[in-house]
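An overview of the molecular structure
Read off the chains here:
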Amino acid sequence: MTSGEPRHRIHLGDNLDVLRAIPDASIDLVYADPPFNTGKRQQRTRLRTVRSAEGDRTGFQGRRYATLRGETRSFGDRFDDYLGFLEPRLAEIRRVLAPHGSLYLHLDWRESHAAKLLLDEIFGREQFLNEIVWAYDYGGRARDRWPAKHDTILLYAREAGRHVFDTGAVERIPYMAPGLVSPEKAARGKLPTDVWWHTIVPTVGRERTGYPTQKPVGILRRIVAASSRADAVVLDPFAGSGTTGAACLALGRRFVLADESPEALRVMARRFAGVSDIAWIGFDPHAESEQSGG
Ligand SMILES: C[S@@+](CC[C@H](N)C(=O)[O-])C[C@H]1O[C@@H](n2cnc3c(N)ncnc32)[C@H](O)[C@@H]1O
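Notes on the structure in this doc start here. (Residues numbered from 1 in each chain as written. Predicted model: local features only at pLDDT ≥ 70, side-chain atom pairs only at ≥ 80, totals over all residues.)

Let us look at the overall build of the protein. The helix and strand inventory of the protein stands at 8 helices and 12 strands. Within the span of the protein, comprising 294 residues, buried residues form 30% of the whole. Within the protein, contacts between residues separated by at least 24 positions form 68% of all contacts whose residues are at least 6 apart in sequence. (Helix = DSSP H or I, 4+ residues; strand = E, 2+ residues; numbered from the N terminus. Buried ≥ 20, exposed ≤ 12 C-beta atoms within 10 Å, placed from the backbone. Contact = placed C-beta atoms within 7 Å.)

Right under this line is the structure:
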């Protein structure tokens, strides 16, 4: 970016269009937190034919067939739709990443296995770095299985070996059993592993924006600190309440955010009200915040 251009950009629109307009290899880090329900949920009813003299179709050798409506497949189709939705976006994300860049794809335990196979295809299995488990402890508890209390974040490098990863920049955490290490070590804390214990965004408090799928800024700080350098450009194509932007502001990175929901943009307009260095594309943050009284 040349001087005079705003440091940050926030787009209202489908991220596929936003991604297509971003030059090759120009982004240092991507964090993507797509919704599971893409709004493209479809139910397709399978048709099955059986031989029947009264059938409505004529087939091989003039035989008559009847068409039966099969069972409705919604889960499989929904899944095809989901991966069909993700695939072109992940391909664009790979294209815009710099050789030292990486992608964190935030999913939950329901779809992470299928998305992993898709990413292995698009990025290459050899670029896979981590499956991060974000464990929390909140909400109801299933009684017929182990209560699911984690999300999965898949980390892929654009080119493993060239990727930025700076453990020195990561905030250290307390040892689980500090009595087992020296007092100096206990005071320094330890590096996080691939299992991250972190509370969800507290239901009351300063961090809460009111956006239903808001992720904790502590998770984003860790990602941005470890996998980008100072002044890097970080892209979040499913920005929601703008948590990635908040982490970037705290750590001195530039950000490009996109969301197709005007409500998300309104929440971001409030969250970044004091930040002047943002270009808003397709959205007027002042008009909207006046309308919503914020
Ligand atoms: C799980 S939320 C992201 C929450 C975010 N990480 C946060 O901390 O607030 C997913 C977001 O993706 C947006 N979204 C879904 N499909 C999109 C698309 N095709 N283009 C842009 N945004 C999209 C939704 O509007 C929603 O805000």
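So, about the site of the ligand. If you check the shell around the ligand, you find 18 residues, and the closest are Phe238, Gly240, Ser241, Thr243 and Ser261. Looking at the shell around the ligand, its residues break down into 6 nonpolar, 7 polar and 5 charged. (Near = placed C-beta within 6 Å. Nonpolar A, V, L, I, M, F, W, Y, C, P; charged D, E, K, R; others polar.)

Attention now goes to the environment of Asp28. By the element assignment, Asp28 lies in strand E2 (residues 27-32). Among the residues examined, Asp28 registers 23 C-beta atoms within 10 Å and is labelled buried. Sequence-wise, Asp28 and Ser102 are 74 residues apart; in three dimensions their C-alpha atoms are separated by 7.0 Å.

Further remarks concern the nonpolar core. Counting 57 residues, the largest nonpolar core has Val30, Val234 and Met268 as its most contacted members. Counting residues per element, this core draws most heavily on helix H5 (residues 217-227), at 6 residues. (Core = buried A, V, L, I, M, F, W, Y, C linked by C-beta atoms within 7 Å.)

All right, on to the sheet that holds strand E6 (residues 97-108) then. What the 9 strands build is an open sheet, ordered E9-E7-E8-E6-E2-E10-E11-E1-E12; its pairing is mixed. The open sheet terminates on both sides in strands that have one partner only, identified here as strand E9 (195-197) and strand E12 (278-281). Put simply, the sheet's adjacent strands are angled 15° from each other on average, direction ignored. As paired strands, strand E1 (residues 8-12) and E12 are joined by 4 bridges and run parallel to one another. By the bridge assignment, Arg9 is partnered in E12 with Ala279. On top of the sheet, H5 reaches E2, E6, strand E7 (128-135), E9 and strand E10 (233-236); it is set at about 155° to E2, its chief contact. Running at roughly 150° to E1, helix H7 (residues 262-271) makes contact with E1 and strand E11 (254-259) of the sheet. (Pairing = 2+ DSSP bridges. Axes fitted to C-alpha atoms, helices over the stretch in contact; angles between N-to-C directions.)

Taking burial as the measure, the 12 residues of E6 include 9 buried ones, the bulk of the element. Summarising the sheet, E2 and E6 pair through 5 bridges and their orientation is parallel. Residue pairing across strands places Ala32 opposite Leu105, the latter belonging to E6.

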